[in-house]
Amino acid sequence: MNLPSTDEIIDDLEFLDDWEQRYQYIIDLGKALPGLPESQHKEEYLVRGCQSNVWLISEEKDGKLLLHVDSDAVIVQGLLTLVMAAYHNKTPEQILAFDIDHYFAQLDLENHITPTRGNGLRAIVGKIQQLAKQSQA
Amino acid sequence: MSLNVAQIREQFPILHRQVHGKPLVYLDNAATTQKPQAVINALTDYYTQCNANVHRGAHYLSDEATRRYEAARKTVAEYINASRQEEVIWTSGTTEGINLVANGVAQRLKTGDEVLVTEMEHHANLVTWQQACKRSGATLKVVPINEDGSLNTEQFHALLSENTAFVSMPHISNALGTINPIKELTAAAKAKDALVMIDGAQGVAHGAIDVQDIGCDFYAFSGHKVFGPTGIGVLWGCYEVLKDWPIWLVGGEMIATVSYQDATWGELPNRLEAGTPNIAGAIGLAAAINWLRQYDAADILAHETALLARATQLAEQTDGLTIVGHAAKKIGVLSFILDGAHPADIGFLLDKQGIAIRTGDHCAQPLMKRLNVPGTARASFSIYNTLDEVEMLFEGIKKARLMLA
Ligand SMILES: Cc1ncc(COP(=O)(O)O)c(C=O)c1O
């Protein structure tokens, strides 16, 4: 998949001011996310949200973390794409240096990444940061 | 006379606010109802004028608080047609009421006994009994539902036996809106000498309850689902059954005498109400009931029936929409799924349009599994909802679909 960069996303969303256009953009990103085959929707990869589920598989290659994610809800898939833009195919150092809260605030989407939102996004971010720490060690 | 819904809406301040810059369309009433000004005033008035602890003070305010608090119990007793006020036990909500009963039942169950629940249970009326059975060695039997979401009453009768010690079932399903024939089923269970509990969390929101007419032993509900405050609920129990019911929480208020090594228990209702109660909550709940009682029950029913009928009609006209639960007898709830759209996406895009619904498993995971759905989107209606709001819901669904297409 050709992931947009975080800067591209920030630029794109800046131009969209009504909620419909913004969420249409996120939905379209979500649809473009390749996701995971059904057979990979395994318990061990699952991060349960109270509204929707998220799956995460990771591997390390040439010192970078490759991430494969999916969700059963398309808006969450879209939001995951925003997360992937920040973390996929990056070194552990890059991942740990990235300020995800600031990024979501710039996108004016910070409410999606608060721990109270039951979409599993916060948990995924925590998991990715932990993976980065582990591979540094 | 039909209900003057505009006049009712005027009394709910929260219905006049905006969310995401849109007028609020509140269709999450099965989760909790909004509060009329009369209830808000009762709470404010209590804390402004009357706050004191009950049953113990030898002073003016304590006497007055006690009087108001016990008057609230009387209001509830009348509303549900309890034969005695002591049958009304204050709890924190339906969940606590069921736990209080399940805790007592667990102490009395023995191996070989059976407890009957249904496939449509809210977790509050499932996990409680499942755990009571695990603790006591009794067996949990689950009455199946039919494809339309109604209870399979034939199976109910078939599963009843001499071994059935306890039956607990919902008056109305929170996930499907199904109204169960609780009176008939209670009679069948009583004929086998089983005790019967009704989970009335949803039942109480849709009309007056007559516990004597139902014939059950216990009926539990939450104040917050009937326009009252959160944190207050009622467990009604038939006096003869309740009077020596195993004690639940121990501490102040519920004792008769205490020595360092022993204690004796007080009388009903106190023996099942340890500690300082939710005085303001009880008074607020009574205010809610008094507020509701000014309207004619038949008018309320007619209005809610019209809302659900219109919603069902529009749902049936919506391509790719499947209604989850279409029992012949249902009220208040439209649960649905849409082809190609996850309930969470629908809920989210409706929220952005100011429309509040609930999505997910509705605290009924086994039921969702049984129905083979990941969860549903659920719109639930109350006395203050309008036919216009039903139209707005479907406009909202249309927009959500366009965006997700
Ligand atoms: C059918 C049913 N039972 C029990 C409960 C639990 O009520 P509470 O959370 O107020 O204790 C609910 C609340 O959603 C319900 O709908």
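Per an unreviewed UniProt entry, chain B is named Cysteine desulfurase, and its organism is Idiomarina abyssalis. For the record of chain B, the UniProt heading Cofactor (unreviewed entry) holds the text "pyridoxal 5'-phosphate".

In the nomenclature of an unreviewed UniProt entry, chain A is known as SufE family protein of Idiomarina abyssalis. Recorded under Sequence similarities (unreviewed entry), the UniProt text for chain A is reproduced unchanged: "Belongs to the SufE family."

1. Things to note about helix α3 (residues 74-87) of chain A
Helical geometry: 3.6 residues make up each α-helical turn, so side chains three or four residues apart lie on a common side. Residue and element names in this part refer to chain A. For α3, spanning 14 residues, the distance from its first C-alpha to its last is 19 Å, which sits close to the expected 20 Å at 1.5 Å a residue. The buried fraction of α3 is high, at 14 of 14 residues. Asn89 lies just past α3 and shows a positive phi near 60°.

2. A closer look at the sheet that holds strand β4 (residues 88-91) of chain B
All names here are of chain B. With mixed pairing, seven strands are arranged side by side in an open sheet as β4-β10-β9-β8-β7-β5-β6. Edge positions in the sheet fall to β4 and β6 (139-143), since each of these pairs with one other strand and no more. Averaged over neighbouring strand pairs, the angle between their axes works out to 20° when direction is ignored. Pairing analysis gives five bridges linking strand β5 (residues 114-118) to β6, with the strands arranged parallel. If you follow Glu114 over to β6, its bridge partner there is Thr139. Contacting β4, β9 (218-222) and β10 (233-237), helix α3 (residues 60-79) runs over the sheet at an angle of about 115° to β4.

3. What about a negative patch on the surface?
Residue and element names in this part refer to chain A. Negative charge collects at one region of the surface, where Asp7, Glu8, Asp11, Asp12 and Glu14 lie side by side. Its location among the elements puts Asp12 in helix α1 (residues 6-15). A relative accessible area of 35% means that Asp12 is categorised as partly exposed.

Definitions and cut-offs
Residues numbered from 1 in each chain as written. Chains lettered and ligands numbered in written order. Predicted model: local features only at pLDDT ≥ 70, side-chain atom pairs only at ≥ 80, totals over all residues. Heavy atoms only, no water. UniProt positions renumbered as here; feature names shortened; annotations may be inferred. Helix = DSSP H or I, 4+ residues; strand = E, 2+ residues; numbered from the N terminus. Expected span 1.5 Å × (residues − 1). Buried < 20%, exposed > 50% of the residue type's maximum accessible area, 1.4 Å probe, protein only. Pairing = 2+ DSSP bridges. Axes fitted to C-alpha atoms, helices over the stretch in contact; angles between N-to-C directions. Contact = heavy atoms within 4.5 Å. Patch = residues over 30% accessible without salt bridge, like charges linked within 9 Å, V, L, I, M, F, W, Y side chains within 5 Å. Areas by Shrake-Rupley, 256 points an atom, 1.4 Å probe, with all protein chains shown as cover. Salt bridge = Lys/Arg side-chain N within 4 Å of Asp/Glu carboxyl O. Lys, Arg positive; Asp, Glu negative; His and termini not counted. Charge placed at Lys NZ, Arg CZ, Asp CG, Glu CD.

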